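The lines below spell out each chain.
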Protein chains: 2
Amino acid sequence: MVESWSFLDTAESNFRPLVVIELAKGTKQETIEWFTKRIVDKKADGGAQLLIKPLVTEKGVENIYLVGASHLRLLLGAETVGLVKECSDNSMRTFTYSSRKTFKHFADDNHDFLTMAECQYIIKHELENLRAKKEKIIPGYPQAKLYPGKSIVRRLLTSGILVQIFPLHDREELKKLSHNWYGRVKVGYQPLDDIRCYFGETIALYFGFLEYFTFALIPMAVIGIPYYVFAWEDYDKYVMFATFNLLWSTVILEVWKRMCAILTYRWGTLLMKRQFEEPRPGFHGVLGINPVTGREEPVYSSIKRQLRIYLVSLPFVCLCLYFSLYVMMIYFDLEQWALDYHKENESNFSSLMLYVPSIIYAVVIEIMNRIYRYAAEFLTSWENHRLESSYQNHLILKVLVFNFLNCFASLFYIAFVLFDMKLLRQSLATLLITSQILNQFAESLLPYWLQKRYNRRMKKRMCSKKTGVDLSLAEQVNMEKEMGTYLGTFDDYLELFLQFGYVSLFSCVYPLAAVFAVLNNITEIYSDALKMCRVYKRPFAEPTASIGVWQLAFETMSVISVVTNCILIGMSPEVDALFPDSKMELVLTVALVEHLLLAIKFIMAFVIPDKPREIQMKLAKLEFESLEALKQQVRAFQMQLHFLLIHR
Amino acid sequence: MVESWSFLDTAESNFRPLVVIELAKGTKQETIEWFTKRIVDKKADGGAQLLIKPLVTEKGVENIYLVGASHLRLLLGAETVGLVKECSDNSMRTFTYSSRKTFKHFADDNHDFLTMAECQYIIKHELENLRAKKEKIIPGYPQAKLYPGKSIVRRLLTSGILVQIFPLHDREELKKLSHNWYGRVKVGYQPLDDIRCYFGETIALYFGFLEYFTFALIPMAVIGIPYYVFAWEDYDKYVMFATFNLLWSTVILEVWKRMCAILTYRWGTLLMKRQFEEPRPGFHGVLGINPVTGREEPVYSSIKRQLRIYLVSLPFVCLCLYFSLYVMMIYFDLEQWALDYHKENESNFSSLMLYVPSIIYAVVIEIMNRIYRYAAEFLTSWENHRLESSYQNHLILKVLVFNFLNCFASLFYIAFVLFDMKLLRQSLATLLITSQILNQFAESLLPYWLQKRYNRRMKKRMCSKKTGVDLSLAEQVNMEKEMGTYLGTFDDYLELFLQFGYVSLFSCVYPLAAVFAVLNNITEIYSDALKMCRVYKRPFAEPTASIGVWQLAFETMSVISVVTNCILIGMSPEVDALFPDSKMELVLTVALVEHLLLAIKFIMAFVIPDKPREIQMKLAKLEFESLEALKQQVRAFQMQLHFLLIHR
C-alpha cells in the first residue's frame, strides 16, 4: 500500500535507498501521509518527485523511511544544484540535462555517472527545498506553523517530528575506501579523489589540508631533529631555524591556496556558482517581508542582534578570557610549589613532579576549551543569525579568540614576563604533547571503542532473532542511525590551528615541536579516517571551493609568529652578545628585521598567484566561452530584429 | 556620393556627428573606400553598421570623417557593451533592447535616453571591434598585415594611416557643465553626475575622489592651524595630532570605498560585467594560437617578457633609484654650503639663501619624475604586455617606487639619519609647496595659456575667410583636432598620492602640511576642471567601478606612515623625557604602540564593510532575481521534459 505513493516506481523497478528519514516515535499517521505525499508529488505540483519506502524490520514499520530517486530525477537534480562535471574534452562544465551527452562517462544506462555522495547531496537539497504551499500548519501538529515558502523539512526538524535525516553508507565502497585509506600500512598519499567521491569536498579538502600541512612540516621537523640529537642549545642556531620557519610558513600557506585551487578545479567546486543562501534552520523571528527576496519570511531586527552581541556575548567572552587568565595564574602558583618541593627534597619523584603542573594545566585547558565551545555555540545560536555563514563566522571568531588565549597565554607570560626560556621550552613541550594525546583519545579512540562495543551487542541481538527478507538493510539502517553525528570539520581545523600555533609561535626556542606535530599528524590522518569510516554516521557531502576562513586564521597566526619569534631572538643571550655596547641598537635592529620580515611576507603573499597558471588559463577559457556564447545570443537576436525592421 | 554609403541614412535624416576620425594626409582612395565601407556595412556582413560622413571644409574634403549612428543602432550597441541603466522602479539593470520599455525615461523618440558620452563610448567600442574577415592586408598598404579577427582600427592606428579618433565636444552641454562646475564662485559639491554624463565614470570618479579627499583633509587642516597660529612647537601636541591622523587616514580610505560603491552603483558601473580583455594596441608577436580563445592572434613568449623585465627594466629602475639618491646627496652638500654661507655673512639675503637648495631640489625632483615617467612608459611598452591591465600595473609599480623614493628619500634621510627636526620641517614645507606650484603650472595653466593663444589665432584666420554652410562644425572639428590629448587620470592620481605622502608620513612634525594640501586641492579642482573642459580634446568615457590600484597604493602609504610617525614620536624629546631611566623602555613602548596601531588599522579595514548596507541589499536583490530567473528557466525546461517523457 505504501509503494503506490511513488508514481515513478513502476518505471524504476530497482529502488536504491540513498537517504534515511527517521520520524519521531508516535508521529501521527496524518502527518506521515502528508509528508510522504509531498515528497513523492510531482515538481509541477510543488513536490520533490522523489521515491520513498518505509523500512520494514522484524518489529514492523518503525517510522523510518528510505528515500531514493529515479536516475532521470537525479540528473535533473544535478542541474538544479549546479554540479560541475568533466566533459569528454577534459574541460569542466556545469552539468545540464540537455548537454548531458558531452560529459565524460555519461550514458543513459550508466547509473554511476553521479557518485552516491552527489546523489545524496541532490536528495538533501531537494528535501530541504520542499516548501510549504498554502499550508498554515503541519497537518496533525497545529503548533507547528508554516507559511508559503517555508522549508517543510526544517520546520519538521525544529518541531521535533523529524528526528534526523542522514545518508546511507555504501558498505562495499566503504570497505574499498577504508582499505585504500588506512587499511594497509603504506607510504604514499591519501586517496583524496576517492574520499571526495565518498564523503564530499569539504571533508576531502580537510584531509587534503591535513596531508599537505604534514608534508609541509617535514622540512621543519628534519631541521629540528639535530637540535635533539646533538643537544644544540645555542641560540644562533635557533635564529637560523626561526628565520627559515617564518619564510617557510608564509610559503606553505600561499602554496596551499594553489594546491586547493588544483584540487577543487578537478572536483568541479571551484566553478560551482554560489547558491542563494536561505535562512539557517534555527533562525526565528516575526513574519515580515524580506527586502531582498520580497517573500514573506521571519524577520529579526538587526539592532536586537547587535545588542545581544555587544551586551551579552562580548562581556561573556571577556569574562571567559579573564577566567582563563585566572586559571593560568593558579598554574604558575602550582609550578612554583612544584619547584620549591623539588628544591627541598630532590629525588626522582620530585623531578617528575616538575612536569605535573603543566600536565594538569594542559588537561584543564582542554576541558575549558570544550566547555567554552558549547557556551559559544549556545550564545551564537541565541544571537539568532539569519545566515549559516554569518553564524559560522561569529562562532569561529568567538572560539578562536578564546582558544588562542587559553592555549598560548601562559607561554606568552613565561616568555615575555618571566623571561624563563627553560620553563618556556618545558611548558611548550608538555602542553603540545598532552593536548595531542588528549585530542587523539577524545576524538577518535574513545568513540571508536564505544561504537565497537555497541556494534558487537547489536550484532549479537540481531543474530539471535534473524528473520525477514530485507534484514541486512534494516540491520544496517538501525546500526547507522545510532551512530554519532559528525559535526563538521570545525574541531579538526581548530586542532590543526592550535598545533600550528605551538609549532610556529615559539619555534626558535623549541624546534622539536615540528617533529611532534608531524608524528601527531600521521596518526591523526589514520585516526580521523577511522573516525569518518567507522565511528560516525556518513555525513552529507558539502561542495566547497576552499578551506574558507581557516586560511585567514592560519595567515594571521603566521603574522603573529613573526613578531613573537623576532622578540625571542632579540632576547637571546647570543644575539645580545653581538651588541655589547648598546641595548638600544639591539632593539632597533630587531625591530628593523621584524619589519623587513613582515614586509617580505606581505610582498610574497601578494606576488605568489593564488591559482596556478594552468588553472587561471582554464578559468579564463571558460569565462571567454560563456561571454562569447552570450554575445552570439545577443547578436543573433539583434540580427533577427534588424531583419524585421528592414522588411516591415 | 559619399552619403550613399550609409544605408540607414534615409531612415535617419538627422545625422548627429559623435566621433571624429582623422586619416593621414594622402591616404589612398582605395583604403578610404574599403574602411568606410566596413564601417557602414551591416553587422551580418561583419561591418559596424554605423553612419559616416566626410567633413567638408572650405578646402574641400580633408580626410576627416564624422561618425554617427542611428538611434536603434545605439540602443543595440548599449546592449552589446552591457550598459546598466536605471529602471522605472529605481533599480539598476543591464540594458537590453527587448526590455527597453521598463527603463526610466525610455521612449522610442527620446534620443536623450543615452547620454552623448555613452553614445561615443558605444561607437568607440564598435569601431575597435570591427575585425578583419579574410583580408590579409589593408588594401593599398601591403606592409600593414591583417589576420582574421584583428581589430582594423588598431592596425590602422599602429601603421599610421589613422591619425586619431576622438569624440566631439557638445558646445552647449559643455557651456552648461563648465558654468555649474567652475564658472561661478560657490560653496558646494561638484556636479559629479553631470561630469559623469559628459566625461564618463573614470574622470568623474577622479573628481569625486579629489573632492572627497579634500573634505577628508579638512579636519586635519583645522587641527593643524593652531600649531601655526599659537606657534606650538611641543611634541606632545604633535603626538596627539599624529595619532589622530593615523586613525583618520585609515577611516577615510575605508569610507571612500563605500562612497565609491554608492557613486558607481548610481552610475551603473558597479553592476557592469567585465568584458573579455583584448590584447592592447601596441602588443606584437608571432602569429599563433591563443590557448584561451583558440583564435589565431599574435603570441609573445612569457619567458621573453620575464627576461626583459628582470634583466633590463629592473636594473634600469635600480640605476634610476641610485641616481636619485646621488642627486639627494648633492642636495645635502648644497644645503651644508648654504648653511655655512649663512653663518659666515648673516644677512637677509643669506637667510633667504637657506631656502634655495630646497627649492632647487624640489624643481629637480619634479623634472626627474617627469623624465623617468617617459622612460618607464617606454620600458613598459617595450616589455610587450599582452593586456592593457598588465601594462598599467607594471607601469604604475615602476613609477610609484621611483616617485616615492625620489620625493621622500631626502625626508627619510633628514629624519632618521641626521635627526634634524628643524631641517625636516623646512625641507618638507619647501618640497610640498614647490611641487604644488610647479604641478599647477605645468599641468593646467601653461597648457591653458597655449591653447588660448592658439584658439585666438585660429579664430582670426577663420573669420577672415568665412565661407560654406557647415562651417561652424568644421571650425569646431578643426579646432578640437589640434587640442592636446588627455592621457588619463594617472598623473592626477599620482600627484594626490605624493601629496598624501607629504601630509601623512611626517604629519607629527609639520601639521600645516594638511592646510597646504587643502588649499592646493581647492585650486586643483578648478584647474583640473578647466583643463578637462578647455585645454584637452574630449576624452572617451571609460566605465569603471573603482579607483583600482590607487586604493591599494594609498593604503600602503598609510601603513608606512604609521611606522614613520611612531618612530618620529619616539624620537621626540618630550616623549624621551617620559622615560628618564631607560631608553630601552621607550623603544619597547614605541614598538608596542606601533604594533597596536597597525593591528587596529587592519582590524578596522576588516570590520568596516566595503559597501554600505543599502547597496549590499540592492546587489543581493539583483543576484537573487537573476538566480530565480535561471531557476525558473531550468524548471520550465525540466517540466516540459518530464511531460514529454511521461506522455511518450
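As the structure is a computational prediction, the values presented were derived from the model and not from experiment. What you see as residue numbers is a count from 1 along each chain, following the sequence as written. Chains carry letters from A onward and ligands carry numbers from 1 onward, assigned in written order. Totals for whole chains, interfaces and linings use every residue, but because this is a predicted model, local features are given only for residues with pLDDT of at least 70 and side-chain atom pairs only at 80 or more, for both listing and counting. Remark: hydrogens and water are excluded; side-chain values derive from all non-hydrogen atoms of the structure.

1. Re the nonpolar core
To be explicit about the condition: Put simply, buried Ala, Val, Leu, Ile, Met, Phe, Trp, Tyr and Cys residues joined by side-chain atoms within 4.5 Å make one nonpolar core. Residue burial is assigned from relative accessible area. The probe radius is 1.4 Å, only protein chains are included, and a residue is buried under 20% of its type maximum, exposed over 50%, and partly exposed in between. The numbering of helices and of strands both runs from the N terminus, where a helix is a DSSP run of H or I of at least 4 residues and a strand a run of E of at least 2. When checking whether two residues touch, look at their non-hydrogen atoms; a contact exists if any pair is within 4.5 Å.
Grouped together as the largest cluster of nonpolar side chains are 109 residues, with contacts concentrated most on W181 and W550 of chain B. Per element, the largest residue contribution to this core is 14 residues, and it comes from helix α7 (residues 201-229) of chain B. With residues up to four places along the chain from it excluded, the contact list for W550 of chain B reads I396, L400, F490, Y493, L494 and F497 of chain B. The next biggest cluster of nonpolar side chains, apart from the first, holds 108 residues, and it includes F332, L424, L432 and C508 of chain A.

2. Section: the interface of chain A and chain B
Here is the rule we go by: Reported buried area values correspond to the accessible surface (1.4 Å probe) lost by two parts on association, with both partners' losses combined. The term salt bridge refers to a pairing of a side-chain nitrogen on Lys or Arg with a carboxyl oxygen on Asp or Glu at a separation within 4 Å.
Contacts between chain A and chain B engage 41 residues on the former and 41 residues on the latter. Note on chain A versus chain B: buried area summed over both sides is about 4,000 Å², and carbon and sulfur give 71% of it. At the surface where chain A touches chain B, the tally comes to one salt bridge. Where E628 of chain B meets R295 of chain A, a salt bridge forms, and the shortest distance between an N and an O atom there is 3.6 Å.

3. Concerning the pattern of salt bridges
All names here are of chain A. In the structure shown here, the tally under the stated rule is 65 salt bridges over all chains. Between K257 and E254 there is a salt bridge, and its shortest N-O distance comes to 3.4 Å. Note that K257 and E254 are positioned in helix α8 (residues 235-267) at a spacing of three residues, about one turn of the helix. A salt bridge links R373 to E377; the nearest nitrogen and oxygen atoms lie 2.4 Å apart.

4. Considering a positive patch on the surface
Residues and elements named next belong to chain A. Operational definition: The patches described consist of residues with a relative accessible area above 30% and no salt bridge, like charges being joined within 9 Å and nonpolar side chains (Val, Leu, Ile, Met, Phe, Trp, Tyr) within 5 Å. We get accessible surface area from the Shrake-Rupley algorithm with a probe of 1.4 Å; when it comes to residues, only the shown protein chains can shield them. Positive charges are assigned to Lys and Arg, negative charges to Asp and Glu, while His and the chain termini are left out of the count. The location of each charge is read from NZ of Lys, CZ of Arg, CG of Asp or CD of Glu.
On the surface, a cluster of positive charge is contributed by K452, R453, R456, R457 and R534. For the positive patch, the leading source of residues is helix α13 (residues 421-464), giving four residues. For R453, a relative accessible area of 39% corresponds to the partly exposed category.

5. Brief notes about the domain arrangement of chain A
Residues and elements named next belong to chain A. What counts, and what does not: Domain boundaries shown here were taken from an automatic or database domain assignment. Pairs of N or O atoms within 3.5 Å make up the polar contacts considered here, provided that, within protein, one atom can donate a hydrogen while the other can accept it, and that residues adjacent in sequence are counted only when both atoms are side-chain atoms.
As assigned here, chain A comprises domain 1 (19-168) and domain 2 (190-460 + 486-615). Placing a centre on the C-alpha atoms of domain 1 and another on those of domain 2 gives a separation of 37 Å. With 26 residues of domain 1 in contact, the opposing surface of domain 2 contributes 25 residues. Taking both sides of the interface into account, the surface hidden between domain 1 and domain 2 amounts to around 2,100 Å²; carbon and sulfur atoms contribute 58%. The largest share of the area that domain 1 buries against domain 2 comes from M92, Y147 and R154, three residues that together contribute 25% of it. Where E118 meets R196, a salt bridge forms, and the shortest distance between an N and an O atom there is 3.3 Å. There are six residue pairs in polar contact (both at pLDDT 80 or more) connecting domain 1 and domain 2. Sorting the residues of the side of domain 1 that touches domain 2 by element identifies α2 (71-81), α3 (116-128), α4 (152-158) and β8 (162-167) as the ones contributing at least two each. Among the elements that line the side of domain 1 that touches domain 2, the one with the most residues is α3, at seven residues.

6. Comments concerning the environment of F624 of chain B
In this structure, F624 of chain B sits in helix α20 (residues 613-646). A relative accessible area of 6% means that F624 of chain B is categorised as buried. Dropping the residues within four chain positions of it, F624 of chain B is found in contact with F276, V292, T293 and R295 of chain A.

7. Overview of the packing of helix α15 (residues 490-505) of chain B against helix α17 (residues 549-571) of chain B
Residue and element names in this part refer to chain B. Heads up, the rule is: The axes are straight lines fitted to the C-alpha atoms, using for helices just the contacting stretch, and the angles between their N-to-C directions are given from 0 to 180°. Orientation is classified from the angle alone, with under 35 degrees giving roughly parallel, over 145 giving roughly antiparallel, 65 to 115 giving roughly perpendicular, and any other angle giving oblique. Whether a crossing is left-handed or right-handed is set by the direction in which the near helix is turned from the far one by less than a right angle, anticlockwise for left-handed and clockwise for right-handed. Residue polarity is assigned by list, with Asp, Glu, Lys and Arg as charged and Ala, Val, Leu, Ile, Met, Phe, Trp, Tyr, Cys and Pro as nonpolar; anything else, Gly included, falls into the polar class.
Running from amino to carboxyl end, α15 crosses α17 at an angle of 20 degrees, the nearest separation of the two axes being 9 Å. Viewed along their axes, α15 and α17 adopt a mutual orientation that is roughly parallel. Along this stretch, α15 crosses α17, giving a crossing that reads as right-handed. Across from F490, Y493, L494, L496, F497, F500, G501, S504 and L505 in α15, the residues of α17 making contact are W550, A553, F554, M557, S558, I560, S561, T564, N565 and L568. Its residues assigned to classes, the contact of α15 with α17 comprises 13 nonpolar, six polar and no charged.

8. Notes on the relation of the copies chain A and chain B
Condition: The copies were overlaid with a least-squares fit restricted to C-alpha atoms from residues scoring a pLDDT of at least 70 in each copy.
Superposing chain A onto chain B takes a rotation of 180 degrees plus a shift of 0.0 Å along the axis, which leaves an RMSD of 0.1 Å. Accordingly, the operation relating the two chain copies is best matched by a two-fold axis. No C-alpha of chain A approaches the rotation axis more nearly than that of M584 of chain A, which lies at 3.0 Å. Comparing contact sets, 100% of the residues at the interface of chain A also lie at the interface in chain B, consistent with an isologous, same-surface contact.

9. A few points about unusual backbone geometry
Residue and element names in this part refer to chain A. Backbone geometry at Q49 places phi at a positive 55 degrees, although glycine is not the residue there. Relative to the helices and strands, Q49 is located in the loop between α1 (29-40) and β2 (51-57). Of note, the phi angle at H105 is positive, near 65 degrees, even though the residue is not glycine. Take H105: it is sitting in the loop between β5 (92-94) and α3.

10. What about the UniProt feature "transmembrane region" (unreviewed entry) in chain A?
All names here are of chain A. Threshold: UniProt positions are given in the numbering used here, feature names are shortened, and annotations may be inferred rather than shown by experiment.
UniProt annotation of "transmembrane region" (unreviewed entry) refers to residues 212-232, 238-256, 309-332, 352-372, 395-416, 496-519 and 586-608 when read in the numbering used here. Across residues 352-372, helical content stands at 90% and strand content at 0%; the span's end C-alpha atoms are separated by 31 Å. A helix fraction of 75% and a strand fraction of 0% characterise residues 496-519, whose end C-alpha atoms lie 13 Å from each other.

11. Notes on the environment of N290 of chain A
Residue and element names in this part refer to chain A. For N290, the position within the fold is in the loop between β9 (286-289) and β10 (296-299). Sequence-distant contacts of N290, that is, excluding residues within four places in its chain, are made with R295, E297 and R386. In this structure the side chain of N290 is engaged in a polar contact, spanning 3.3 Å, whose partner is the backbone nitrogen of T293.

12. Concerning the pairing of strand β7 (residues 141-145) of chain B
Residue and element names in this part refer to chain B. What counts is decided by this rule: Pairing between strands is defined by DSSP: at least two bridges between them are needed.
Here strand β6 (residues 137-138) runs beside β7; their pairing, made up of two bridges, is antiparallel. If you follow I137 over to β7, its bridge partner there is K145. Hairpin remark: β6 followed by β7, antiparallel, with two residues in the connecting loop; positive phi at G140, about 95 degrees.

13. What about helix α5 (residues 171-183) of chain A?
Residues and elements named next belong to chain A. Filter applied, for reference: Here, expected helix span is obtained from the residue count minus one, scaled by 1.5 Å.
An ideal rise of 1.5 Å per residue puts 18 Å on 13 residues; α5 reaches only 15 Å between its terminal C-alpha atoms. Residues L174, L177, S178, W181 and Y182 constitute the buried set of α5. Buried residues in α5 make contact with α6 (192-199), α7 (201-229) and α16 (512-535).

14. Considerations on α16 of chain A
Look at α16 of chain A: 32 Å from first C-alpha to last across 24 residues, which is about the 34 Å you get at 1.5 Å a residue. By the criterion of burial, α16 of chain A is predominantly enclosed, with 18 of the 24 residues buried.

15. Structural notes on the packing of aromatic side chains
Residue and element names in this part refer to chain A. Cut-off, in case you're wondering: Only Phe, Tyr and Trp rings take part, Trp by its six-membered ring, and two of them pair if their centres are within 6.5 Å. Stacked means planes under 30 degrees apart, edge-to-face means over 60, and tilted covers everything else. Whether a charge lies above a ring is judged from NZ of Lys or CZ of Arg, which has to be within 6 Å of the ring centre and within 35 degrees of the ring normal.
Applying the stated criterion across every chain yields a total of 71 aromatic pairs over all chains. Taking the centre distance of 6.2 Å and the plane angle of 50 degrees together, the rings of F404 and F412 count as tilted. Exposure remark for F412: the relative accessible area of 21% places this residue in the partly exposed category. Aromatic pair F408 and Y502: ring centres 5.0 Å apart, planes at 70 degrees, arrangement edge-to-face. Linking F408 in helix α12 (residues 388-418) with Y502 in helix α15 (residues 490-505), this pair joins segments that are 94 residues apart in sequence. Given a relative accessible area of 0%, F408 falls into the buried group. On the basis of relative accessible area, Y502 is assigned to the buried category, the value being 3%. Of note, K28 hangs over the ring of Y141, and the distance from its end group to the ring centre comes to 5.1 Å.

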